[in-house]
Structures are given as C-alpha cells and as structure tokens.
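# Structure at a glance
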Amino acid sequence: MTAVHCSFCLKAEADVAKLISGPGVYICDACVGACNDLLGAAAGAPEIPAWEDMPDEQILQRLPRIALVSAQVDGSLQTLVHRLRERGVSWTRIGTALGVTRQSAWEKFSAEA
C-alpha cells in the first residue's frame, strides 16, 4: 500500500500520532487541533486567499501539496470503482454516479484495474 500523508500538512502517517481518513483525504491529529483552535478563536468567516491574489512563488509552493492530495483522492476513487466492478456494478451506473458517460468511466478506470 502506498504511504498516505496528511492532506493539509503533508506529514506521513508514520510521523503523526493519528491520521483520520476521509474519501481520499487524510487529516492528522495536529491539524485537527489547529482547526479546533481556529474554530474556537474565529469571530467571522475565515479569509482564504484567492489564487489570483497570490504571487507566482506562493502558488508554486502549493503545487506539490495539491498534487499529493490529488493523487490520494485519485487512488481512493480507483479503489472504489474497482470494488464496484468486482461486485458486478455496470460501467453505466458508475459513470452516472460520477456525472460522466459509461464510456468515459470505462476509459478512465478500466485500464488501471
């Protein structure tokens, strides 16, 4: 199995006390603690910088993190589709669930099975 990382701080599973999994994303105990601190202190909506307001270097620094999270999500999606196919679920139903055609679902997932 491929090593998983916190989708927020990128720490590997072996480097954290606990890693909680979601649908292709993971969050470590430290990031949960930071979220709790922010929620406790938040008086209003958090400000998330818009991509268009960030300098190129800041966006470039974020690319590896986004790529890692994307790969984890893609891996989880591939695993789920593979399990559905093992259960006999049709490509039509899988495509419909993903909002794509049967053919598109088959093209994306069948070769990797």
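Residues numbered from 1 in each chain as written. Predicted model: local features only at pLDDT ≥ 70, side-chain atom pairs only at ≥ 80, totals over all residues. Heavy atoms only, no water.

## Here's the deal with the overall build of the chain
For the chain, the count of helices and strands is 4 helices and 2 strands. In the chain, the succession of α and β elements from N to C terminus is β-β-α-α-α-α. The C-alpha atoms of the chain give a radius of gyration of 18 Å, which is well past the 13 Å a tight globule of 113 residues would have. If one aligns the C-alpha atoms of the chain with their principal axes, the spans along those axes are about 50 × 35 × 25 Å. Looking at the 113 residues of the chain, the share that counts as buried comes to 19%. Across the chain, contacts joining residues at least 24 apart in sequence account for 32% of those joining residues at least 6 apart. As presented, the chain carries roughly 8300 Å² of accessible surface, and 58% of it is formed by carbon and sulfur atoms. With 10 positive and 13 negative side-chain charges, the chain shows a separation of 13 Å between the mean positions of the two kinds. (Helix = DSSP H or I, 4+ residues; strand = E, 2+ residues; numbered from the N terminus. Rg over C-alpha atoms; globule rule 2.2 N^0.38 Å. Buried < 20%, exposed > 50% of the residue type's maximum accessible area, 1.4 Å probe, protein only. Contact = heavy atoms within 4.5 Å. Areas by Shrake-Rupley, 256 points an atom, 1.4 Å probe, with all protein chains shown as cover. Lys, Arg positive; Asp, Glu negative; His and termini not counted. Charge placed at Lys NZ, Arg CZ, Asp CG, Glu CD.)

## Notes on helix 3 (residues 91-98)
Those residues of helix 3 lying buried are Trp 91, Ile 94 and Gly 95. The buried side chains of helix 3 occupy one side of the element, clustering within an arc of 100° when seen end-on. Among the exposed residues of helix 3, those oriented more than 90 degrees off its buried face are Arg 93, Thr 96 and Ala 97. The elements touched by buried residues of helix 3 are helix 2 (56-86) and helix 4 (102-109). (Arc of directions from axis to C-beta.)

## Observations regarding helix 2
For helix 2, which comprises 31 residues, the first-to-last C-alpha distance of 44 Å matches the rise-based estimate of 45 Å (1.5 Å per residue) to within 8%. Within helix 2, the axis deviates most sharply at Leu 63, by approximately 30°, and proline Pro 64 lies no more than four positions further along. Taken together, the buried positions of helix 2 are Val 69, Gln 72, Gln 78 and Val 81. Summarising the contacts, the buried residues of helix 2 are in contact with strand 2 (26-28), helix 3 and helix 4. Residue Gly 88 follows helix 2 closely and has a positive phi angle near 90°. (Expected span 1.5 Å × (residues − 1). Bend = angle between axes of the 7 residues up to and from the residue.)

## Overview of the nonpolar core
Val 4, Cys 6, Val 16, Leu 19, Tyr 26, Ile 27, Cys 28 and Cys 31 together form the largest nonpolar core, which totals 8 residues. The dominant element in this core, judged by the number of residues it contributes, is strand 2, at 3 residues. Dropping the residues within four chain positions of it, Tyr 26 is found in contact with Val 4, His 5, Cys 6, Ser 7, Phe 8, Leu 19, Ile 20, Ser 21, Gln 72 and Ser 76. The next biggest cluster of nonpolar side chains, apart from the first, holds 6 residues, and it includes Val 89, Trp 91, Ala 105 and Phe 109. (Core = buried A, V, L, I, M, F, W, Y, C linked by side-chain atoms within 4.5 Å.)

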